[in-house]
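# Secondary and tertiary structure notes
Residue-level listing of the chains:
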Amino acid sequence: MRRMAFLLVAIPLVLRWPVIADAQIYRWVDDNGVPHFADGIDSVPDRYRSKAVPLGMKNAPAPPGVPPGAPDAKPTSGETSIRFIPGQRILVDVRINRNAEAKLLLDTGSDKTLISPRALQAAGVRIAGPTTTAEVAGATGSTQMQFLFVDSLEVGEARVGRMSVGSQNLPVEGADGVLGRDFLDQFNVNIDSGKGVVTLSPK
């Protein structure tokens, strides 16, 4: 009887247990080059599912890194090369908190790095919580922005520890935001427009 009672209690709990697969966030780009985010692969339109990229688990905790409130970590050593088509925008593959990816537009005219809320959420960044706002100057002018902390931001071997990034959806075709000078100024940046190569090397 005791075992039967345990099963009767356990079954409803199992039925109410959240399905982990549903928490997976996918990024997909439509025919116009506009990035979209979806909770679960079933939320991605059929024609785009084969190219949808899993970013991470919704509200997943970030891996152990720099503790909250700790000083910013120094950039890691190691040289990174980013290739692009000469004459076109420079799109950079970025890893957030070591567990989620985003594609950012390299923008030397932007003071701050700005990332879409969904990409941050996929990296385990809690959007609801203590935040700050600031005015950000960029190539398109100045705007008020909400800021949140990420534990790390990586471009290849170039890594910066805990830093604040703007949480904002930007009308940047094919990108999830912009990679600004708060990250780039930590490195020696060389842009070879003729060869289509950006090199980030430790200062």
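In case you missed it, the structure is sitting above this.
Rules used in this analysis
- Residues numbered from 1 in each chain as written.
- Predicted model: local features only at pLDDT ≥ 70, side-chain atom pairs only at ≥ 80, totals over all residues.
- Heavy atoms only, no water.
- Helix = DSSP H or I, 4+ residues; strand = E, 2+ residues; numbered from the N terminus.
- Buried < 20%, exposed > 50% of the residue type's maximum accessible area, 1.4 Å probe, protein only.
- Contact = heavy atoms within 4.5 Å.
- Areas by Shrake-Rupley, 256 points an atom, 1.4 Å probe, with all protein chains shown as cover.
- Salt bridge = Lys/Arg side-chain N within 4 Å of Asp/Glu carboxyl O.
- Core = buried A, V, L, I, M, F, W, Y, C linked by side-chain atoms within 4.5 Å.
- Pairing = 2+ DSSP bridges.
- Axes fitted to C-alpha atoms, helices over the stretch in contact; angles between N-to-C directions.
- Phe/Tyr/Trp six-rings, centres within 6.5 Å; stacked < 30°, edge-to-face > 60°.
- Lys NZ or Arg CZ within 6 Å of the ring centre and 35° of its normal.

The next subject is the overall build of the protein chain. Within the protein chain, the regular secondary structure consists of three helices and 15 strands. By the burial criterion, 40% of the 203 residues in the protein chain qualify as buried. Across the protein chain, the fraction of contacts at a sequence separation of at least 24, relative to all contacts at a separation of at least 6, is 61%. When the accessible area of the protein chain is evaluated, it comes to approximately 11,800 Å², of which 55% is carbon and sulfur surface.

In this section: the side chain of aspartate 176. Secondary-structure assignment places aspartate 176 in the loop between β12 (163–167) and β13 (177–179). For aspartate 176, the residues in contact, after removing those within four places along its chain, are Arg27, Pro35, Phe37, Ala102, Lys103, Leu104, Leu114, Ile115 and Ser116.

All right, on to the pattern of salt bridges then. Evaluated as defined, the whole model comprises six salt bridges. Where arginine 98 meets glutamate 154, a salt bridge forms, and the shortest distance between an N and an O atom there is 3.9 Å. Of this pair, arginine 98 sits in the loop between β5 (91–96) and β6 (100–106) while glutamate 154 sits in strand β10 (residues 153–155), and the two are 56 residues apart along the sequence. Overall, arginine 98 belongs to the partly exposed group, its relative accessible area being 47%. Given the relative accessible area of 15%, glutamate 154 is considered buried.

For the rest of this paragraph, the subject is the nonpolar core. Formed by 32 residues in total, the largest nonpolar core has its most connected members in Phe183 and Leu200. Top contributing element to this core by residue count: β6, with four residues. Beyond its immediate sequence surroundings of up to four residues, phenylalanine 183 is in contact with Thr113, Leu153, Val155, Ala158, Val160, Met163 and Leu200.

The next point concerns the sheet that holds strand β14 (residues 187–192). Taken in spatial order, the three strands of this open sheet run β4-β15-β14, and their pairing is antiparallel. Unpaired on one side and paired on the other, β4 (80–83) and β14 mark the two borders of the sheet. Looking at each pair of strands side by side, their axes are set apart by 15 degrees on average, direction ignored.

What follows concerns the packing of aromatic side chains. The final tally for this structure, using the stated rule, is one aromatic pair. Ring geometry for phenylalanine 183 versus phenylalanine 187: centroids 5.3 Å apart, planes at 40 degrees, classification tilted. The buried category is assigned to phenylalanine 183, whose relative accessible area is 0%. For phenylalanine 187, a relative accessible area of 3% puts it in the buried group. The ring of phenylalanine 149 has arginine 162 sitting right over it, with the charged end atom 4.1 Å from the ring centre.

Moving on, we get to the pairing of β4. What you see with β4 is a clean split: Thr80 and Ile82 sit on the buried side and Ser81 and Arg83 on the side with no burial. As judged from the four bridges shared by β4 and strand β15 (residues 197–202), these two strands associate in the antiparallel manner. Looking across to β15, one finds that serine 81 is bridged to threonine 199.

Along the chain, the position of valine 172 falls in the loop between β12 and β13. In the structure, valine 172 is positioned 138 residues away from valine 34 in sequence and 7.9 Å away in space, judged by C-alpha atoms. Not counting the four nearest positions on each side in its chain, valine 172 is found in contact with Pro35, Arg89, Leu105 and Val178.

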